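A closer look at the structure
Residue-level listing of the chains:
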2 protein chains.
Amino acid sequence: MLGHIIIDDVRPRTPDGYPPKVVDGERIRVSADLIKDGHDELGAVVRLRRGPQLIASAPLHEVVNDLWEGELEVSGLGAHELEIVAWTDRFATWRHHIEVKAAAGQDVLVELEVGARFLEELVGDVSPAGQARVRDAIETMRNETCSLDVRLNAALDDAVVELIAPVVPDWDRTSRTVPLWIDRPLGGFSAWYELFPRSEGGFAGAVKRLDAIADMGFDIVYLPPIHPIGRSFRKGPNNTLDAGPDDPGSPWAIGGAEGGHLAIHPELGDHGDFVRLVDETRARGMEIALDYALQCSPDHPWVHAHPEWFTQLPDGSIRYAENPPKKYQDIYPINFWPERETDRIALWHACKEILDHWIAAGVRVFRVDNPHTKPLAFWEWVIGEVRASHPDVLFLAEAFTRPKMMAKLAEVGFTQSYSYFTWRYSDAEFREYLTELSTTDVVDYMRPNFWPNTPDILEGVLRNGPPAAFAMRLVLAATMTPNYGMYSGYELFENQPAADHNTEYLNSEKYQIVERDWSRTDTLVPLITQINAIRRRHPAFQQLRTIRFHGSDNGAILAYSKTTPEGGDPVLVVVNLDFDNPQAATLDLDLGELGMPWGDPYTVHDEISGETYTWQGNRPWVRLDPARYPAHVLALRA
Amino acid sequence: MLGHIIIDDVRPRTPDGYPPKVVDGERIRVSADLIKDGHDELGAVVRLRRGPQLIASAPLHEVVNDLWEGELEVSGLGAHELEIVAWTDRFATWRHHIEVKAAAGQDVLVELEVGARFLEELVGDVSPAGQARVRDAIETMRNETCSLDVRLNAALDDAVVELIAPVVPDWDRTSRTVPLWIDRPLGGFSAWYELFPRSEGGFAGAVKRLDAIADMGFDIVYLPPIHPIGRSFRKGPNNTLDAGPDDPGSPWAIGGAEGGHLAIHPELGDHGDFVRLVDETRARGMEIALDYALQCSPDHPWVHAHPEWFTQLPDGSIRYAENPPKKYQDIYPINFWPERETDRIALWHACKEILDHWIAAGVRVFRVDNPHTKPLAFWEWVIGEVRASHPDVLFLAEAFTRPKMMAKLAEVGFTQSYSYFTWRYSDAEFREYLTELSTTDVVDYMRPNFWPNTPDILEGVLRNGPPAAFAMRLVLAATMTPNYGMYSGYELFENQPAADHNTEYLNSEKYQIVERDWSRTDTLVPLITQINAIRRRHPAFQQLRTIRFHGSDNGAILAYSKTTPEGGDPVLVVVNLDFDNPQAATLDLDLGELGMPWGDPYTVHDEISGETYTWQGNRPWVRLDPARYPAHVLALRA
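Everything numeric in this text was worked out from a predicted model, so none of it was measured. (Residues numbered from 1 in each chain as written. Chains lettered and ligands numbered in written order. Predicted model: local features only at pLDDT ≥ 70, side-chain atom pairs only at ≥ 80, totals over all residues. Heavy atoms only, no water.)

Time to look at the interface of chain A and chain B. Accessible area lost during the coming together of the parts is what is often quoted as the interface size. With 54 residues of chain A in contact, the opposing surface of chain B contributes 54 residues. Buried area between chain A and chain B, summed over both chains or domains, comes out near 4,800 Å², and the portion from carbon and sulfur atoms is 59%. At the surface where chain A touches chain B, the tally comes to 12 salt bridges. Here Asp33 of chain A ties to Lys404 of chain B by a salt bridge, and the two come within 2.8 Å at their closest N and O atoms. Inspection of the region where chain A meets chain B yields 18 residue pairs in polar contact (both at pLDDT 80 or more). Counting only elements with at least two residues in the side of chain A that touches chain B, the list comes to strand S1 (6-11), strand S3 (27-35), helix H1 (90-103), helix H2 (109-122), strand S14 (321-323), helix H9 (341-360), helix H10 (376-389) and helix H11 (403-412) of chain A. Residue composition of the side of chain A that touches chain B, by class: 22 nonpolar, 10 polar and 22 charged. (Contact = heavy atoms within 4.5 Å. Buried area = accessible area lost by both parts, 1.4 Å probe. Salt bridge = Lys/Arg side-chain N within 4 Å of Asp/Glu carboxyl O. Polar contact = N/O pair within 3.5 Å; in protein donor to acceptor, adjacent residues only side chain to side chain. Helix = DSSP H or I, 4+ residues; strand = E, 2+ residues; numbered from the N terminus. Nonpolar A, V, L, I, M, F, W, Y, C, P; charged D, E, K, R; others polar.)

Turning next to helix H11 (residues 403-412) of chain B. Three or four residues apart is the spacing at which side chains of an α-helix point the same way, because the helix has 3.6 residues per turn. Across the 10 residues of H11 of chain B, eight count as buried, placing the element largely inside the fold. The complete set of buried residues in H11 of chain B reads Met405, Met406, Ala407, Lys408, Leu409, Ala410, Glu411 and Val412 of chain B. The inward-facing, buried residues of H11 of chain B contact S1 and S3 of chain A together with strand S2 (21-23), helix H10 (376-389) and strand S19 (416-418) of chain B. Gly413 of chain B sits one or two residues past H11 of chain B and shows a positive phi near 155 degrees. (Buried < 20%, exposed > 50% of the residue type's maximum accessible area, 1.4 Å probe, protein only.)

Turning to the packing of aromatic side chains, a few remarks are in order. For the structure on display, the rule yields 72 aromatic pairs over all chains. Considering the side-chain rings of Phe274 of chain A and Trp358 of chain A, the 5.2 Å spacing of their centres and the 80 degrees angle between planes classify their relative orientation as edge-to-face. In this pair, Phe274 of chain A is assigned in helix H7 (residues 271-283) and Trp358 of chain A in helix H9, connecting sequence segments 84 residues apart. On the accessibility criterion, Trp358 of chain A (1% relative accessible area) is buried. Ring geometry for Phe378 of chain A against Trp379 of chain A: centres 4.9 Å apart, planes inclined by 65 degrees, an arrangement best described as edge-to-face. Each member of the pair Phe378 of chain A and Trp379 of chain A is classed as buried. Among the aromatic residues, ring-to-ring pairing joins Tyr292, Phe336, Trp337, Trp348, Phe366, Phe378, Trp379, Trp381, Phe395 and Phe414 of chain A into one connected group. The ring of Phe421 of chain B has Arg473 of chain B sitting right over it, with the charged end atom 4.3 Å from the ring centre. (Phe/Tyr/Trp six-rings, centres within 6.5 Å; stacked < 30°, edge-to-face > 60°. Lys NZ or Arg CZ within 6 Å of the ring centre and 35° of its normal.)

A separate point is the sheet that holds strand S4 (residues 42-50) of chain B. All names here are of chain B. On the basis of which strands lie adjacent, the open sheet formed by five strands has the order S2-S9-S8-S4-S5 and mixed pairing. The sheet is open, and its two edges are formed by S2 and strand S5 (53-59), each paired on a single side. With strand direction ignored, the average angle separating the axes of adjacent strands in the sheet is 35 degrees. Sheet topology places S4 next to strand S8 (residues 78-88); eight bridges connect them, and they run antiparallel. If you follow Gly43 over to S8, its bridge partner there is Trp87. (Pairing = 2+ DSSP bridges. Axes fitted to C-alpha atoms, helices over the stretch in contact; angles between N-to-C directions.)

With an RMSD of 0.0 Å, chain A superimposes on chain B once it is rotated by 180 degrees and translated 0.0 Å along the axis. The superposition of one copy onto the other is thereby described by a two-fold rotation axis. Relative to the rotation axis, the C-alpha of Pro15 of chain A is the closest in chain A, positioned 5.2 Å from it. The residues that chain A uses at the interface reappear at the interface of chain B in 100% of cases, marking a shared surface. (Least-squares fit on C-alpha atoms with pLDDT ≥ 70 in both.)

Looking now at the packing of helix H1 (residues 90-103) of chain B against helix H2 (residues 109-122) of chain B. Residue and element names in this part refer to chain B. Viewed as axis vectors pointing N to C, H1 and H2 meet at an angle of 155 degrees, and their least axial separation amounts to 10 Å. One way to sum up the angle between H1 and H2 is to call them roughly antiparallel. Helix-helix and strand crossings are classified by hand; for H1 and H2 the assignment is left-handed. From H1, Arg90, Phe91, Trp94, Ile98 and Lys101 reach across to H2, where they touch Glu111, Leu112, Val114, Gly115, Phe118 and Leu119. Looking at the contact of H1 with H2 residue by residue, the class counts come to seven nonpolar, one polar and three charged. (Parallel < 35°, antiparallel > 145°, perpendicular 65-115°, else oblique. Left-handed = near helix turned anticlockwise from the far one by under 90°.)

Here's what the structure looks like:
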């Protein structure tokens, strides 16, 4: 049966009742519809709970037409609940009635007695010091020798109200509990850097790169699979089918004679070297992310030990990965639904064991390869199991697929999600895509991660593109969403595509060692360093919900802002999408959104150039020369 | 655990899992998101069930990005379920793979054997006549002496596909069931006429009006409460507090010495007279609707028999109805949550007994007075209980309240809902309100009922308004939504307000007998008759979802259309909102929406004037003189 008060549409929420995501320390807005018959005054709070433990609480207030809202600072880690509690505030209802009646000159004698009895019931719960005051009020309310005004004033005495309000029972108390997942802050705000340790000479060589990566301001160092690589059908340079004996093969063709997903490729180092890399990374305030790629080379130990985990063909072979007509002969996909349920359980636990193994080695972040080709039921289970004991583990979904699958993966548990950023270029595309990501229901549970490049994806203006294009795409990725990443080589403006018909790099690092000259000085490193520092300095960049686009009379100049409920300056990013030419525009700013005055001047500080301007009004003129700066990243102050 | 295929966002739906509403015979669109990992071909159907009984079934097809849709004709009455069943179509997946591989010139020998084994498994289920054909195909697919083309053709032979498709098992079969409520057609398409039988001389007099009401084309004759009226604090004419001995009082002050909600006011007739009225109404193709007003006059038998069902005041009196500072001394509201649970149960059952009683007398339609001042839990329970045995009973909610309460009442069970139509006047207001009603989620469960007037509400342009205003508001109410109603006197252009500060009629029929001259000829009856006939003739007027607004270069000329999935002409309504002056406009029609040609001429037949025009293009010019016609109601034909 429905309760006295209906609590509907509690937000944040996900479509199917999975927990929405927040981060430890975040100030969140909670809302619900509270619907009750009649005209009673209601009261409501939201409580953050972890089972029986109450962690925080905040009042809800009616905004408009039965919609109630409140703000709550969440703290903790892992599975929590938001409990909305609503009740009828009979004391407030009575006060409202007697006030309105008195104002209309109606008889309030009965109401005075109703109130006196109400106070009488509650006075015992009032602090001993306050009880006399309440008893006085009751006496006056009933005192027929007093004037009606005096008796009414006693009833509405603020001091009495203050004493009584805390002890009023929650009449008609109704509650509704919804789940909430709290990640550590890194889950919501992170800068990723991807590198192939084999190109650096293995783990030991990677350690040598850590200072540079930390100096640039990254949080996560993500490594493609570090496991032994199969020899059967090994791919040669540029994805050729005839690998020579010295070609290293794709790290995603996991498993060889040396072992599978629990083993380390001997050329990278041993387990001790890996743990050292993890520790050295952490010592610099960063973390190692591993690739969780559930597939096997034909030489993976599982192939012989567990043929039932793969798809057998009539000729006795195992079906390799393909998306016809594309073929990946060096990879066997796993069949996550073997015929026998016991086989399925064994397989899923073996997959979980991989995570357990690397978590034991100190890893807390996983980038998951192609999760959209594995069952959602598996992800729900494995992420749930892992995080039951390790709520600090983060999962990034590499699902470049249809929007509903992307959202569903996020809903069932992924912390962050690769996005379509790589294929968005124009003013209109960004406005549409960011509005979708930040204002539709997905904002409660899907955290997009913007990558201008990956080892698979060299796209759009970066293909044979100039340094200014790399600078522009960096600023967009790093300032539009709180999470972004880049694949190494980006800072060196690597721009050569393999072919017109795909998005691969020429001489892709996926199939060969790439040696880079890290001593070069003509790089994007200074800008990357600046941008990451600006992101950390301004909490507004930790927000996705608050992104707003502003007007511009030039389609090549894109302007968007972010504000933060936690305080801190609003930021305005003005990007020149035309990296070949200087462009100017008159902006049309929403000053209300930015919290800037309409009449008085305000200051804008360009965090990149270091210059400070004084603006007045909502139509500043801006000009950006890509030879100097890709963007204004402005901190505003009234 | 999640299934192999995720079935999400099944529509129609309501926010909290209550059944959406359709009507018997309606052709409905059902949609769902089907999400599965990988690249398999899926299949899906929607089934209409009533428990174990399968009533109808229709295929779903992918529209775009995992959204699947189908159309289903529903039949039956009462509680049903929609079951979405989805499966992996391994046969189609295999065909797709082998086709793509062959087209890319890849080796398909193993795929041929995969297919042959697949067919072998299934051939036993094929009709005996077809088995030979399938076995031939298998043999050819395996025949190494045949060319690859011949073997491939055998695999993809349409005849074999046709034989096999019906016997392919539903691999990975997943299903999701959601509730669906089927009303009889009157629940979705109805014209109501409200009359006070006491003004006609009681039930016998009301019978005499039935022919006229049926001739106008109404479906439902709704009577305000027919029960004994209290004497205590009885209201006099124009809501005065000093009723004379002959003043009849408000019918909503229910209950007197003669009885309560189960009794009939002696001046209206006896139970036999009432049953006769019900039968005579039904004989004319209409139905009687009773008012279900859960409140009591101070003289209601319940007041003395069950004081625990009311709110006692300290002075021993019972709290009368008030919304401070407004007072309704002749009415006691019921307290639906008495302190003792046994009292609550007794009260709720007594309330249900009222419905049972009048259902036994033949009534199947109830107009519910102020449901928003009674608990939603009560409505969920009482409507559910009544309709478990009488699924043909319809409930109209008179909840002129906040939007979320209105929607929630509809969600928990009300068949139809009074709306804000009475307060909507301008072009922009209608566009916004009808778009909300027809395109947001509420369209799946809330059926608005548009009333230009009620005994309580004489509003806007009708206050002292000319006949042309009445004609205009009639057309709007009757053509915008499938359900509408009017309170008698409307056809006589009754237009005198009681006061500036309320919406009451002068000499309101609520408090006195109103004698009307039904022999007048200067009435709205001819137009009402025409409009009701047009509504019945054109199934498009039974639709709410399909309403679309078209452009007009004159804000006084409003144009909207409706189409019907069941076939039948699209209709276009062009209304002159300025009832004082002729107005002309060039329209901007969405011809695609109307299914009319862009180049060729098409005909429009004005169902009111009887004239037929030939239009060409999307910019017809229209002119409406309110002295002649309030609107064009056009049936279009290509």
